[in-house]
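What follows is each chain in one-letter form.
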Amino acid sequence: MSRTRTPAVSGWFGGEGDRFRLLGTRCSSCACVFFPREDSHCRNPHCAGGTLEEVPLSRKGRIWSYTDSRYRPPSPYVSNPELPWEPYALIAVELESERIVVLGQAVPGVTVADLTVGMEVEVVPGVLDEDAETTWTTWHWRPTGVTA
């Protein structure tokens, strides 16, 4: 039985392979870019507001900061308390073109020991969780040149 692939957050990312992108919005009036996306109004307090258009964001950026998650977060975070906690690296990335910082997990197997501030990374499809019926998809950051 195959699992249904479902985005953890609808409308925040899309595409496959090299076409995978985070999806933001850009104000037609002031050109500010937002992620997570904004669909109701421009967040720029100095803008009278314009039409918000969906835009694919840069695939690459540079590590602005990073840390690791060594403990199981409290509720409402969902995890199986019967399974051992698996630490993972969190990376804040300044996107190449937009110059905004986006937070996300590193690809599995990449730890904080593998990362440095300023390192180039790229966004790739990832898996947040799975159950018997569903694979919940998300994005991960992967150092460029790494194929894992």
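This text follows the structure it describes.
Reading the values: the criteria
Residues numbered from 1 in each chain as written. Predicted model: local features only at pLDDT ≥ 70, side-chain atom pairs only at ≥ 80, totals over all residues. Heavy atoms only, no water. Salt bridge = Lys/Arg side-chain N within 4 Å of Asp/Glu carboxyl O. Helix = DSSP H or I, 4+ residues; strand = E, 2+ residues; numbered from the N terminus. Buried < 20%, exposed > 50% of the residue type's maximum accessible area, 1.4 Å probe, protein only. Core = buried A, V, L, I, M, F, W, Y, C linked by side-chain atoms within 4.5 Å. Contact = heavy atoms within 4.5 Å.

1. Examining the pattern of salt bridges
Turning to step 1, where the next piece is worked out: Summed over all chains, the structure comprises eight salt bridges.
Turning to step 2, where the next piece is worked out: Among the salt bridges present, the one from R59 reaches E122, with a minimum N-O distance of 3.8 Å. You can see R59 sitting in the loop between β5 (52-56) and β6 (60-69) and its partner E122 sitting in strand β9 (residues 120-130), a full 63 residues away along the chain. Residues R59 and E122 agree in their burial class; the two are buried.
Turning to step 3, where the next piece is worked out: Salt-bridge contacts for D68 lead to R70; the nearest nitrogen and oxygen are separated by 2.8 Å.
Turning to step 4, where the next piece is worked out: Residue classification places D68 among the partly exposed positions, given a relative accessible area of 28%.
Turning to step 5, where the next piece is worked out: Connected through salt bridges with shared partners, the residues R37, D39 and E54 form a single ionic network.

2. Section: the nonpolar core
Turning to step 1, where the next piece is worked out: Ranked by internal contacts, the top residues of the largest apolar core, which has 23 residues, are L22, V102, W139 and W141.
Turning to step 2, where the next piece is worked out: Those elements giving two or more residues to this core turn out to be β7 (88-95), β8 (101-106), β9 and β10 (134-143).
Turning to step 3, where the next piece is worked out: Looking at which element gives the most residues to this core, the answer is β7, with four residues.
Turning to step 4, where the next piece is worked out: Residue contacts for W139: discarding those within four places in its chain leaves W12, F13, F20, L22, F35, V102, L103, G104, Q105, V123, V124 and G126.
Turning to step 5, where the next piece is worked out: Formed by five residues, the second largest nonpolar core is a distinct cluster that contains C27, C42, C47 and L52.

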